[in-house]
Amino acid sequence: MHKPTDVTRLFDFPYYQLKTYPQQKCLVYKDENTWKDVSTEEYIQQANQISRALLKLGIKKGDKIAVITSVNQPKWHILDIGVMQIGAINVPLYPTFSEKDYAYILNHSDSIYCFVSDDELYQKVVKIQDQTQLKKVYTFQEINTDYDWSTFLLLGENNELQSDVEKNKENVQAKDLATIIYTSGTTGTPKGVMLSHKNVVSNIFAVGNSLDLHDNQKKAISYLPICHIFERAASYYCQYMGFEIHFAESIEKIGDNLKEVKPNFMAVVPRLLEKVFDKIVDKGSNLSGIKKRLFFWALKLGEQYKPYKENGWWYEFQLKIARKLIFSKWREALGGQLDFMLAGSAPMQPRLIRIFTAAGIPVFEGYGMTETSPAVSVTDMRNNGFKIGTVGRVIEDVQVKIANDGEILVKGPNTMMGYYKNPEQTNETIKNGYLHTGDIGEINNEGFLKITDRKKEIFKTSGGKYIAPAVLESELKKSRFIEQVMVIGESEKMPAALIQISFEFVHEWAKRHNHKISNVSTDERLIERVQKELDYYNRKFGKWEQIKRFEITSDEWTTDAGHLTPTLKMRRKIILEKYKDLHKKIYNSQ
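First, a word on what this report is: a plain description of the structure on this page.

Procedures and definitions
Within each chain, residue numbers correspond to sequence positions counted from 1 in written order. Per-residue local features are limited, in this predicted model, to residues with pLDDT of at least 70; the limit for side-chain atom pairs, both in listing and counting, is 80 or more; totals at the level of whole chains, interfaces and linings are taken over all residues. Excluded from the side-chain calculations are hydrogens and water; all other atoms, namely the structure's heavy atoms, are used. By definition, any uninterrupted DSSP run of H or I lasting at least four residues is a helix, any uninterrupted run of E lasting at least two residues is a strand, and each is numbered from the N terminus. For each residue, the accessible area found with a 1.4 Å probe, counting protein chains only, is set against the maximum for its type, and the residue is called buried under 20%, exposed over 50%, and partly exposed in between. Here a pair means two rings of Phe, Tyr or Trp (six-membered ring of Trp) with centres within 6.5 Å. Their orientation is stacked below 30 degrees between planes, edge-to-face above 60, and tilted elsewhere. Look at NZ for Lys and CZ for Arg. If either is within 6 Å of the ring centre and within 35 degrees of the ring normal, a charge sits over the ring. Residues count as neighbours in contact if any of their non-hydrogen atoms are within 4.5 Å of one another. The directions from the helix axis to the C-beta atoms form the arc being described. For salt bridges, the criterion is a side-chain nitrogen of Lys or Arg within 4 Å of an Asp or Glu carboxyl oxygen.

1. Section: unusual backbone geometry
Here comes step 1: The peptide bond linking Ser 373 to Pro 374 adopts the cis configuration, its omega dihedral lying at -15 degrees.
Here comes step 2: Here Pro 374 lies in the loop between β13 (363–368) and β14 (375–378).
Here comes step 3: Even without being a glycine, Asp 110 presents a positive backbone phi close to 60 degrees.
Here comes step 4: Along the chain, the position of Asp 110 falls in the loop between α4 (99–108) and β5 (111–116).
Here comes step 5: The exposure class assigned to Asp 110 is partly exposed, which follows from its relative accessible area of 22%.

2. Comments concerning the packing of aromatic side chains
Here comes step 1: Under the counting rule described, the total for this entry stands at 32 aromatic pairs.
Here comes step 2: Ring centres 6.1 Å apart and planes at 80 degrees place the aromatic pair Phe 13 and Tyr 240 in the edge-to-face group. One end of the pair, Phe 13, is in helix α1 (residues 12–20); the other, Tyr 240, is in helix α9 (residues 229–241), and 227 residues separate them in sequence. Each member of the pair, Phe 13 as well as Tyr 240, is classed as buried.
Here comes step 3: Centroid distance Phe 115 to Trp 149: 6.3 Å. Interplanar angle 80 degrees. Geometry classified as edge-to-face. With a gap of 34 residues between them, Phe 115 in strand β5 and Trp 149 in helix α6 (residues 149–154) connect regions that are remote in the sequence.
Here comes step 4: Owing to a relative accessible area of 4%, Trp 149 belongs among the buried residues under this scheme.
Here comes step 5: Through a chain of ring-to-ring contacts, the aromatic side chains of Tyr 113, Phe 115, Tyr 138, Phe 140, Trp 149 and Phe 152 assemble into a single cluster.
Here comes step 6: Sitting over the face of the ring of Tyr 15, Lys 169 holds its NZ or CZ atom 3.5 Å from the ring centroid.

3. Observations regarding the environment of Asp 37
Here comes step 1: Examined against the element boundaries, Asp 37 turns out to sit in strand β2 (residues 34–38).
Here comes step 2: Asp 37 gets classed as partly exposed once you look at its relative accessible area, which sits at 30%.
Here comes step 3: It is 38 Å that separates the C-alpha atoms of Asp 37 and Gln 484, two residues lying 447 residues apart in sequence.
Here comes step 4: Filtering out sequence-adjacent residues up to four positions away, Asp 37 remains in contact with Gln 24, Lys 25, Leu 27, Val 28, Tyr 29 and Glu 42.

4. A few points about helix α10 (residues 254–261)
Here comes step 1: Looking at α10, one finds that the buried residues are Ile 254, Asn 257, Leu 258 and Val 261. Across the axial projection of α10, the buried residues extend over an arc of 105 degrees, all falling on one side.
Here comes step 2: Among the structural elements, β2, β9 (219–222), β10 (244–247), β11 (265–268) and α13 (313–333) are those in contact with the buried residues of α10.
Here comes step 3: Phi turns positive one or two residues past the end of α10, at Lys 262, with a value near 55 degrees.

5. Describing the pattern of salt bridges
Here comes step 1: Scanning the entire structure with this criterion turns up 29 salt bridges.
Here comes step 2: Across the salt bridge formed by Glu 551 and Lys 585, the nearest N and O atoms sit 3.4 Å from each other. Taken as a pair, Glu 551 in strand β26 (residues 549–552) and Lys 585 in helix α20 (residues 580–587) lie far apart in primary sequence, 34 residues in all.
Here comes step 3: Residue Lys 585 is classed as partly exposed on the basis of its relative accessible area of 45%.
Here comes step 4: Overlapping salt bridges bring together Lys 30, Glu 249, Lys 253 and Glu 260 as one network.

Honestly, that's just the spatial picture; any functional story needs more than this.
Written as structure tokens, this is what we have:
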């Protein structure tokens, strides 16, 4: 992937597309059950109209505009370009934040206007508007009010300010601040990560070089939260490559949308892939006779997968049959055209990478964080760059070194400018030019990076033994009974676990055994069955690491209730607080 000299700022991507391969279907979305599209030309025309409207409102270079959308859609992207090309700063927020978070972030970020996708979000923001510097909240909806999308666009209808737009555009430098992204954080107050145009642009080209994609006749599906830098960087990359971006209607409808859109690749987070996999296995379990035997034979084969024909000709011969008979149906369920999936945001179970790659849909795992815009390393099929159990080799122009305590340190053009209005935390995180990631890892002699844990999450039991919870949790989540699990036991005599069962699967299991469950937390038969699962997975660990006790939570862990961040990572502190009674019960500490 060559690096054109005329793409140095994020808003250069759509202009590059217009010049190189203008698309009729640049952004494709569903409106009242019909797929509609925005061409590259319309994209840019509308972005310019937005820029003019913002200038009319008095927006200057460096002003902050907050944007909150509950589903990914063209208006977010068009607004994004319209905001940035006049030198203003896009502050994207998660739709799942609480009112308290909105009040804090909108105020802390100095946002003076806010755009929301729907009435529910509008009401949420308006409620706390007086605690912020917001002059007005606009909505993407067309609802005939003085704050709807058409009313806003009308401000920029007249072309007279276009020369000012061009002037502003020329004044934006690659090193300028482009966006402030508030990390939802698994602990404490959200921090505003400042990313420049150069941070993100350099990263997109470096990752692009690892993805080995060439022609521009491809489709991507967008459904992960666009306020997250992983999905956002992927969308700029698609714009650069001239790929069609199709927006899923919602995460619930992703299955149907995949079949309609037939994308060539998609970004995934581990939790989503685990859910897809569980659904496939459930279907397989409901087969009977030879079909069922074939299904589980293929699955077992997939679990033994090794890249580059390492398993020899006999394995490859069997795999060919499995792909024809079984895995082809998996591919169909995901649209039939997937070349690969790009996984990020949390560690992926190696077993899933093996199985999906065996099925003919490789999973390329990457590693990064918001503070690194986002990628640090990514898997590549070329030059033996696909090594399961690692997150690939470090991308070009980025340096990684491992500190004495095992922490991963990163330096490169993708390293953030710092945390907004928080120099102390910035200086704590970036020392001598190296960003301290808080992750523990190692680099092997072939240059592959492996993440072994989160520095902050490793704890010691009272016996002085170190426990790395992520490793245990990843293993336990292979059980179909377990949807989420959090390993606890800091300064206690032994590690234990809080478990959220997979309600759907447990319901099926109970039905099969003519067993009625009235309370999942106390049902003896279920507890006994989950204990069996734990016994099985515990065998892989040292005596001191094994989970000795567990409690099942009665409710589901969700983003809305605060258990999980919007990218489905556990908020350990909150989960511990919510279930402190269960913690007491386990350790009998009154």
